[in-house]
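# Fold and contact review
Here's the letter readout for the chains.
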Amino acid sequence: MKPAANTTALRVQQHLGADFQVLEFEESTRTSDDAARAIGCTVAEIAKSLIFKCKASDQGVLIVMSGVNRADMAKAKAVLGEKLSRADADFVRQKTGYAIGGVPPVAHAEKLQVLLDRDLLAFDEIWAAAGTPNAVFRLTPAQLQALTGG
């Protein structure tokens, strides 16, 4: 692992500021399993960013989940008041500015509604993607909430 050098990862680093350090790995951190293996943490400590599309409003929604969990669409609908569908790659890039597999929970092209998985609160530290399929950063669940407004 090394400090971020990729232009996209550096964009995330700039958004986060000096309190955080974006790290790049030689190996992939694209999936929760890949990231946990590269970092040396559990899959549950990976904060995966999932992008969904509100069916009625076409608005983007970010759901940040523990790496071991799946998004519950019924719960999301209850909170948001409308059904969600899985976003395709073009929608994800348009709304976030990033490709699937490296979407960070911050620094998006457009403002997104944000929902956070409460299971992340069980950890002192968690890891999130930082703009590329091999860049991540460490933070606390409280920092994730503060950064995203989720």
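Details of the structure are given in the entry above.
One structure accompanies this document, and this report is about it. This structure is a prediction, so every number in the text was calculated from the model and none was measured.

Another point: helix H2 (residues 32-39). Those residues of H2 not exposed but buried are Ser-32, Ala-35, Ala-36, Ala-38 and Ile-39. Along the axis of H2, the buried positions cluster into a sector of 165 degrees, meaning they face one direction only. As for H2, its buried residues are in contact with strand S3 (46-54), strand S7 (126-129) and strand S8 (135-139). Phi turns positive one or two residues past the end of H2, at Gly-40, with a value near 90 degrees.

Let us now look at the packing of aromatic side chains. A full pass over the atoms with the stated rule returns one aromatic pair. Between Phe-20 and Phe-137, the ring centres sit 6.0 Å apart and the planes meet at 85 degrees, which makes this aromatic pair edge-to-face. Of this pair, Phe-20 sits in the loop between helix H1 (7-16) and strand S2 (22-24) while Phe-137 sits in strand S8, placing them 117 residues apart in sequence. Overall, Phe-137 belongs to the buried group, its relative accessible area being 0%.

Buried residues of helix H4 (residues 89-96): Phe-91, Val-92, Lys-95 and Thr-96, and no others. The buried residues of H4 occupy an angular sector of 105 degrees when the element is viewed end-on, so they sit on one face. In this fold, the buried residues of H4 make contact with S3 and strand S4 (60-66). The residue sitting at the N-terminus of H4 and contributing the capping side-chain oxygen is Asp-88; that oxygen lies 3.2 Å from the backbone nitrogen of Asp-90. Following H4 by one or two positions, Gly-97 adopts a phi angle in the positive range, close to 90 degrees.

A separate point is the side chain of Glu-45. Within the secondary structure, Glu-45 sits in the loop between H2 and S3. Among buried charged residues, Glu-45 stands out as having no salt bridge; its nearest opposite-charge side chain is Arg-138, 9.1 Å away. A distance of 2.8 Å separates the side chain of Glu-45 from the backbone nitrogen of Thr-42, its partner in a polar contact. With sequence-adjacent residues up to four places away left out, Glu-45 is seen in contact with Phe-123, Glu-125, Ile-126 and Trp-127.

We now examine the pattern of salt bridges. If you walk through the whole model with that rule in mind, you get four salt bridges. Between Asp-58 and Lys-53 there is a salt bridge, with its nearest N and O atoms 3.2 Å apart. Asp-58 gets classed as partly exposed once you look at its relative accessible area, which sits at 37%. Across the pair Glu-110 and Lys-95 runs a salt bridge whose closest N-O atoms are separated by 3.0 Å. Of the two residues, Glu-110 is situated in the loop between H4 and strand S6 (113-116) and Lys-95 in helix H4; the sequence distance between them amounts to 15 residues. You can call Glu-110 partly exposed: its relative accessible area is 31%.

With that settled, the discussion passes to the pairing of S4. For S4, a buried count of seven out of seven residues is recorded, marking the element as mostly surrounded by other parts of the structure. Bridge analysis of S3 against S4 gives seven bridges, and the strand direction is antiparallel. Residue pairing in the sheet places Phe-52 in a bridge with Val-61 of S4. Counted between consecutive antiparallel strands, the loop separating S3 from S4 contains five residues, among which Asp-58 sits at a positive phi close to 65 degrees. Summarising the sheet, S4 and S6 pair through four bridges and their orientation is parallel. From the neighbouring strand, Leu-62 faces S6, where its bridge partner is Val-114.

Thresholds, definitions, all that
Residues numbered from 1 in each chain as written. Predicted model: local features only at pLDDT ≥ 70, side-chain atom pairs only at ≥ 80, totals over all residues. Heavy atoms only, no water. Buried < 20%, exposed > 50% of the residue type's maximum accessible area, 1.4 Å probe, protein only. Helix = DSSP H or I, 4+ residues; strand = E, 2+ residues; numbered from the N terminus. Arc of directions from axis to C-beta. Contact = heavy atoms within 4.5 Å. Phe/Tyr/Trp six-rings, centres within 6.5 Å; stacked < 30°, edge-to-face > 60°. Polar contact = N/O pair within 3.5 Å; in protein donor to acceptor, adjacent residues only side chain to side chain. Lys, Arg positive; Asp, Glu negative; His and termini not counted. Salt bridge = Lys/Arg side-chain N within 4 Å of Asp/Glu carboxyl O. Pairing = 2+ DSSP bridges.

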